[in-house]
Amino acid sequence: MSRAPASSAATAGPAVVAATPADPVVAPPGAALPRAAGAAARPPWLLLGSLWVTQYIGIGFLTVGLVAVLRDAGTSLDTLALLSLLGLVWPLKVLWAPLLDRFGSRRLGHYRSWLLVLQTGMVLALLAMLPLDDPAARLGPLAALAAVFVLLSATQDVAADALSVRLLRPADRGVAGGVQVAASYLGTVLGGGVCVLVYDRWGWHAAVLLLAALTLVALGVVAAFREPPRADGGAGGSAAASRGGVPWGAVVSVFRRPGVPAWALVVVPLLYGGVAGVWSLTSPALVDAGWSLARIGVVTGVVVSVPALVAGLVSGWLVRRLGRSAVLVAGGAVLVVSTAGVVPLLLGSAPLAWTVTALSGFLVAYTALNVVIYTVSMDLSRPATGGSDFTALTTVALLVSFAAGSLALLVAGLGGYVLSAVVFAAVGLAGVGLGVRWLRSPAGRAAASGVPAA
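Residues numbered from 1 in each chain as written. Predicted model: local features only at pLDDT ≥ 70, side-chain atom pairs only at ≥ 80, totals over all residues. Heavy atoms only, no water.

## Regarding helix H20 (residues 442-449)
- Of the positions making up H20, those classed as buried are Gly444, Ala447 and Ala448. Looking straight down H20, one finds its buried side chains confined to an arc of 95°; they lie on one side.
- Each element contacted by the buried residues of H20 is listed here: helix H7 (173-202), helix H15 (324-341), helix H17 (352-380) and helix H19 (417-439). (Buried < 20%, exposed > 50% of the residue type's maximum accessible area, 1.4 Å probe, protein only. Helix = DSSP H or I, 4+ residues; strand = E, 2+ residues; numbered from the N terminus. Arc of directions from axis to C-beta. Contact = heavy atoms within 4.5 Å.)

## Quick look at the packing of aromatic side chains
- In total, this model carries seven aromatic pairs according to the counting rule given.
- On the numbers, 6.1 Å between centres and 55° between planes, the contact of Tyr272 with Tyr366 is tilted. Residue Tyr272 is found in helix H11 (residues 260-280), and its partner Tyr366 is found in helix H17; the two are separated by 94 residues along the sequence.
- Owing to a relative accessible area of 2%, Tyr272 belongs among the buried residues under this scheme.
- In this structure Tyr366 comes out as buried when scored by relative accessible area, which is 2%.
- Ring plane angle 50° and centroid distance 6.1 Å describe the contact between Tyr374 and Phe390, whose orientation is recorded as tilted. Taken together, the residues Tyr374 in helix H17 and Phe390 in helix H18 (residues 386-415) connect sequence positions 16 residues apart.
- Owing to a relative accessible area of 0%, Tyr374 belongs among the buried residues under this scheme. (Phe/Tyr/Trp six-rings, centres within 6.5 Å; stacked < 30°, edge-to-face > 60°.)

## Describing the pattern of salt bridges
- Across all of its chains, the model carries seven salt bridges by this definition.
- The residue Arg173 makes a salt bridge to Asp379 at a minimum N-O spacing of 3.0 Å. Here Asp379 lies in helix H17 and Arg173 lies in helix H7, a separation of 206 residues in the sequence.
- The class for Asp379 is buried, based on a relative accessible area of 9%.
- One salt bridge connects Arg324 with Asp379, and the closest N-O pair in it is separated by 2.8 Å. Here Asp379 lies in helix H17 and Arg324 lies in helix H15, a separation of 55 residues in the sequence.
- Linked by salt bridges that have partners in common, Arg169, Asp172 and Arg320 make up one network. (Salt bridge = Lys/Arg side-chain N within 4 Å of Asp/Glu carboxyl O.)

## Description of the packing of helix H14 (residues 305-322) against H15
- At a minimum axis distance of 7 Å, the contact between H14 and H15 shows a crossing angle of 135°. The orientation of H14 with respect to H15, classified from their angle, is oblique. For the pair H14 and H15, contact is made by Ser315, Leu318, Val319 and Leu322 and by Arg324, Ala326 and Val327, respectively.
- A per-class count over the contact of H14 with H15 returns five nonpolar, one polar and one charged. (Axes fitted to C-alpha atoms, helices over the stretch in contact; angles between N-to-C directions. Parallel < 35°, antiparallel > 145°, perpendicular 65-115°, else oblique. Nonpolar A, V, L, I, M, F, W, Y, C, P; charged D, E, K, R; others polar.)

## Some thoughts on H7
- An ideal rise of 1.5 Å per residue puts 44 Å on 30 residues; H7 measures up with 41 Å between its terminal C-alpha atoms.
- If you look at H7, its biggest bend is around 25°, right at Leu190.
- Of all 30 residues making up H7, 21 are buried, and the element is well covered by its neighbours.
- Positive phi shows up at Gly203, right after H7, with a value of about 100°. (Expected span 1.5 Å × (residues − 1). Bend = angle between axes of the 7 residues up to and from the residue.)

## Points about the side chain of Gln156
- Examined against the element boundaries, Gln156 turns out to sit in helix H6 (residues 139-167).
- At 3.3 Å, the side chain of Gln156 forms a polar contact with the backbone oxygen of Leu51.
- Reaching out from Gln156, the side chain makes a polar contact with the side chain of Gln119 at a distance of 2.9 Å.
- What Gln156 contacts, discounting residues up to four positions off in sequence, is Leu51, Thr54, Gln55, Leu115, Leu118, Gln119 and Met122. (Polar contact = N/O pair within 3.5 Å; in protein donor to acceptor, adjacent residues only side chain to side chain.)

Distances and angles like these do not, on their own, reveal function.
Written as structure tokens, this is what we have:
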């Protein structure tokens, strides 16, 4: 899964946007709901939720909490910047995602067998950090273990997303997108907030043991889960797989299907690029406004994640009730309001209450848009190659987010924060407009209804 940036009372207005008859909403009450091939009778919410949360418990600690710990110990910003490059592992997971689709144990369950190994590895990587109780002085070994953890969690994400594609009905995908986004925020709050508080009060060992224990809980859920057999026997059903090869072509072939290039290569980059561009301006603007690094970390990494977490669950429910395009329009409306709300910050005025409300509103807008993106990514992924397809579709978003953040800062350097925010908010709104048009096209309606595309 991929998460770029993003409470306010602004959510009350956009949420009432109604879907038109052309929008593929859910079936009327009592109507039969389509089920994807191999879909589970009951969605495995506990499994998927626990996996998605634990990805971000560790990541949240390494990217938010550990940064605060190291900075407090005097680590330079240049060193912290190098540590943040570990996040680049996530876009690279598309290179090995086909391995998870191709290989797996029939006895243990195709993706479950991967999850058992990966989740265990995540726990062990965390426990291996226990001796490093002076992280600033042992930064080399700590960075190596952090890299191992990020690699394992990124690969675990491929397996978890593949299971969601395979086991969820089309009508459940909106809720799944909401759970996925909300879980990422919950993991960030636990890893980037709670674990730091534990570290501050009881020290390194207590914080690391808490991380490992929370990750171990998800391993227990995986162990208790019984994955339904794959109809293709785990070979992906492709010609390459039948010859014993790895379906690397799935990473490319997903973009050749009807409607996919327009969505994945036009709509999603505009949505993510617009939001990531505006969000990238907030941290330097907060520094310019005189906020301390500690306050910036707590507010942007923890406080604003709470309303975003709620927005993820609500947006997933609204996708099911009103449809994908209705939530996309709502997210676009909140994006406009919240971008206007951050203008005082971009002009150098950052009173605490107003700034927290504006930033929370922005993350709520991002969350609503992200839920739709994840939902449609599930719609467009094929059950036999769900890990490859979903990863390929969302990797585009990750790459665009990195690029947009840098470009927005460049524009701000030339014309100021406000000009850059207006430009990138307009880019995001263009993505909303084109996205609604795509969702109401034949390709969008077919994807949302669960009809297989060629």
